[in-house]
Amino acid sequence: MTSASASASAGPRGLDLGRLRGHLDRARPGLVAGELRGRLIEGGRSNLTYEITDGTARWVVRRPPLGHVLATAHDMRREHRVIHALHGTAVPVPEPLLLCEDESVLGAPFYVMEYVDGVPYRTAGQLAGIGPERTRRAVLNLVDTLVDLHAVDPAAVGLGDFGRPEGFLDRQLRRWGKQLAASRGRELAGIDELHGALGRALPDSPAPTVVHGDFRLDNVLIGGPDDTIRAVLDWEMSTLGDPLTDLGLLVMYSSDLGLKDSPVSTTSGAPGHPAPAELIERYADRSGRDTGAIAWYTAFAWFKLAVILEGIHYRYTLGQTVGAGFDRIGELVPVFIEHGLATLQGPRPFENGQEG
């Protein structure tokens with residue numbers, strides 16, 4: 001991972017190391033032994049993540065983005081709650097150390113958790129570097145970790161009121177439809193057709209579970225001789241809901257976009273990467289859930305990503321956002337729409353390893 005370093009006295013933007021040290025000394029006396037240094041961990045898409053160290057031990061600080069206005073979208077209490085609840089279960093998460101809702105410390109609520117060593121594999125190219133055998137093992141471990149997450153009894157870990165699972169899929173579809181309407185700046189062939197078709201084919205959800213909401217390879221840390229999942233990260237979209245939405249998203253990110261040098265990458269092109277059909281079968285076998293409607297969930301994932309990318313493209317055209325590859329995001333949106341329609345309407349798209 002690349003990083004932006006800062007002096008020990010100032011800290012990176014959004015992380016006042018002096019105030020943080022004072023708070024840690026009050027809340028967790030003896031935790032920090034030396035002068036704190038910090039760096040921003042690059043690669044995050046929303047909330048800011050920092051590594052801090054006193055020269056001996058390391059920890060991680062999570063806080064909302066600078067200048068954020070939508071507190072519900074960057075709820076540190078919610079993230080901390082789910083990590084705290086899952087710590088000690090079969091789901092690997094960093095140990096949470098403290099939650100601070102006093103905005104006078106860093107200018108926003110934040111929490112501190114243990115630092116976990118591991119690698120977030122973001123691209124097929126990165127996976128190619130570890131070889132086909134390790135790639136296959138890592139991705140199958142990812143599926144097994146998802147099964148473990150969905151096996152957690154929410155009530156038993158204090159998450160019985162963590163969300164509203166009734167009508168979950170209908171609300172999700174309406175939510176992303178509203179997101180699309182808010183970023184409409186051009187005609188998009190097929191997007192309304194896909195949205196309507198998803199609404200007409202809404203499946204019956206299985207029993208609700210804790211849902212991660214953005215479960216994919218680059219939101220976990222992998223390490224050790226067996227390429228185990230050492231920590232699942234980025235719980236900002238977690239809730240109680242339909243577990244197959246997590247599987248659909250994982251399948252989507254494991255499918256081939258059919259593009260080269262895309263600013264939005266999937267991992268499917270790495271040698272040894274299991275086909276979507278194998279991921280679905282492994283999840284079904286290990287969880288005991290019926291995955292017969294997985295085409296709907298995967299098509300919904302394609303739709304959701306199309307809406308997210310269109311929002312980025314819309315803000316880019318207005319000059320409200322900049323970044324590497326943002327000038328090419330707009331051309332990707334029709335590709336995601338096409339994949340969504342093909343997955344939803346095609347004949348059994350995941351049979352024999354085929355992708356929608």
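A quick note: this is a predicted structure, and the numbers were derived from the prediction, not measured.

Peer 1: Help me out: how do you make sense of the pairing of strand β9 (residues 228-232) in this one?
Peer 2: Every other side chain in a regular strand lies on the same face of the sheet, so the side chains alternate between the two faces. Here 4 bridges tie strand β8 (residues 220-223) to β9, and the two strands are oriented antiparallel to one another. Directly across from Val220, in β9, lies its bridge partner Val232. Linking two consecutive strands that pair antiparallel, namely β8 and β9, is a turn of 4 residues; a positive phi of about 85 degrees is found at Gly224 within it.

Peer 1: Help me understand the pairing of strand β4 (residues 58-63) in this model?
Peer 2: The buried count for β4 comes to 5 of 6 residues, which makes it a mostly enclosed element. Bridge count between strand β3 (residues 48-53) and β4: 6 bridges; the pairing is antiparallel. Each residue of the ladder has a partner; that of Tyr50, found in β4, is Val61. Following β3, the chain reverses through 4 residues before pairing antiparallel with β4; Gly55 in that reversal takes a positive phi of roughly 95 degrees. As defined by bridge partners, β4 adjoins strand β6 (residues 110-114) across 4 bridges and the pair is classed as antiparallel.

Peer 1: Would you mind showing me how to read the packing of aromatic side chains here?
Peer 2: Each aromatic ring pair is specified by the distance between its two centres and by the angle formed by the two planes. With the rule as written, the count across this model stands at 3 aromatic pairs. Consider the rings of Trp296 and Phe300, whose centres lie 5.5 Å apart with planes at 15 degrees: the pair is stacked. With Trp296 and Phe300 both in helix α10 (residues 294-317), this residue pair falls 4 residues apart, about one helical turn. A relative accessible area of 2% means that Phe300 is categorised as buried. Consider the rings of Trp302 and Phe336, whose centres lie 5.3 Å apart with planes at 70 degrees: the pair is edge-to-face. Highlighted residues: Trp302 in helix α10 and Phe336 in helix α11 (residues 329-345), separated in sequence by 34 residues. Both residues of the pair, Trp302 and Phe336, count as buried. Taking NZ or CZ as reference, Arg78 lies 3.9 Å from the ring centre of Phe162, over its face.

Peer 1: Explain the nonpolar core to me, please; I cannot follow it from the model alone.
Peer 2: Residues Leu198, Trp235, Phe303 and Phe336 are the most contacted members of the largest nonpolar core, which totals 80 residues. Here this core takes 13 residues from α10, the largest share from any one element. The contact partners of Leu198, leaving out residues within four places of it in the chain, are Leu173, Trp296, Ala299, Phe300, Phe303 and Leu344. Counting 19 residues, the second-largest nonpolar core is a separate cluster that includes Leu15, Leu48, Leu106 and Val112.

Peer 1: Explain the confidence of the model for the protein to me, please; I cannot follow it from the model alone.
Peer 2: Keep in mind that low pLDDT regions are not for reading the predicted coordinates in detail. Of the residues in the protein, 89% reach a pLDDT of 70 or more, and the chain-wide mean stands at 89. At the low end of the mean pLDDT range in the protein sits strand β1 (residues 3-5), at 40; at the high end sits strand β7 (residues 209-211), at 98. Counting interchain partners and residues more than four positions distant, the pLDDT-below-50 stretch residues 68-73 has 2 contacts.

Rules behind the numbers
Residues numbered from 1 in each chain as written. Predicted model: local features only at pLDDT ≥ 70, side-chain atom pairs only at ≥ 80, totals over all residues. Heavy atoms only, no water. Pairing = 2+ DSSP bridges. Helix = DSSP H or I, 4+ residues; strand = E, 2+ residues; numbered from the N terminus. Buried < 20%, exposed > 50% of the residue type's maximum accessible area, 1.4 Å probe, protein only. Phe/Tyr/Trp six-rings, centres within 6.5 Å; stacked < 30°, edge-to-face > 60°. Lys NZ or Arg CZ within 6 Å of the ring centre and 35° of its normal. Core = buried A, V, L, I, M, F, W, Y, C linked by side-chain atoms within 4.5 Å. Contact = heavy atoms within 4.5 Å. pLDDT = per-residue confidence, 0-100.

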